[in-house]
Amino acid sequence: MKKLFLGIFVFAVMAGALMASMLSGLSSGLNSFCVSVKSLLPIAAMLMVVLAGVIYAGGQIMGAETRARANVWATACLTGALIAILIVVVAPPVLNAIYTGQGSVTMC
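Since this is a predicted model, take the numbers as computed values, not measurements.

Would you mind going over the overall build of the protein chain with me for this structure?
Secondary structure assignment for the protein chain yields 3 helices and 0 strands. Helices and strands in the protein chain line up, N terminus first, as α-α-α. Per-residue burial over the protein chain gives 10% buried out of 108 residues. Within the protein chain, counting contacts between residues at least 6 apart in sequence, those at least 24 apart form 56% of the total. On the protein chain, roughly 8,200 Å² of surface is accessible, and the fraction owed to carbon and sulfur atoms is 78%.

Can you walk me through the pattern of salt bridges in this structure?
Pairing is possible between side chains that carry opposite charge, provided their charged atoms lie close to one another. Inspection of the entire model under this criterion finds 1 salt bridge. Here Glu65 and Arg69 are joined by a salt bridge, their closest N and O atoms 3.1 Å apart. With a gap of 4 residues between them, Glu65 and Arg69 both fall in helix H2 (residues 64–89), about one helical turn apart. For Glu65, a relative accessible area of 55% translates into the label exposed.

For this particular structure, what's the right way to read H2?
Given a rise of 1.5 Å per residue, 26 residues ought to cover 38 Å, and the 37 Å separating the end C-alpha atoms of H2 matches this to within 8%. Taken residue by residue, H2 has Ala70, Ala74, Cys77, Ala81 and Ala84 as its buried positions.

About the cut-offs
- Residues numbered from 1 in each chain as written.
- Predicted model: local features only at pLDDT ≥ 70, side-chain atom pairs only at ≥ 80, totals over all residues.
- Heavy atoms only, no water.
- Helix = DSSP H or I, 4+ residues; strand = E, 2+ residues; numbered from the N terminus.
- Buried < 20%, exposed > 50% of the residue type's maximum accessible area, 1.4 Å probe, protein only.
- Contact = heavy atoms within 4.5 Å.
- Areas by Shrake-Rupley, 256 points an atom, 1.4 Å probe, with all protein chains shown as cover.
- Salt bridge = Lys/Arg side-chain N within 4 Å of Asp/Glu carboxyl O.
- Expected span 1.5 Å × (residues − 1).

As far as function goes, none of this settles anything; it's purely spatial.
Structure, rendered in structure tokens:
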């Protein structure tokens, strides 16, 4: 019985050490993902604004049904661009305030 508890204890210690090493790798991976997303979202937002203009202009030379669909698609592109901009600008200070209790620490 003591060997079983000793085996469980050794397994738990080894699993804890493995998880600690995995979490440090996970942390650096998530940090690099965050940096990549923060650099990609403004570019995607600008492309969505340009795409919305192209779709809207293209829809204006089509028939009434296509024009209505193009207006909806252009509005959806603008909404996506606005959400991307809000994520880049507003989310970091809000998350910093929640996780650190301050608004001055930078994330990523």
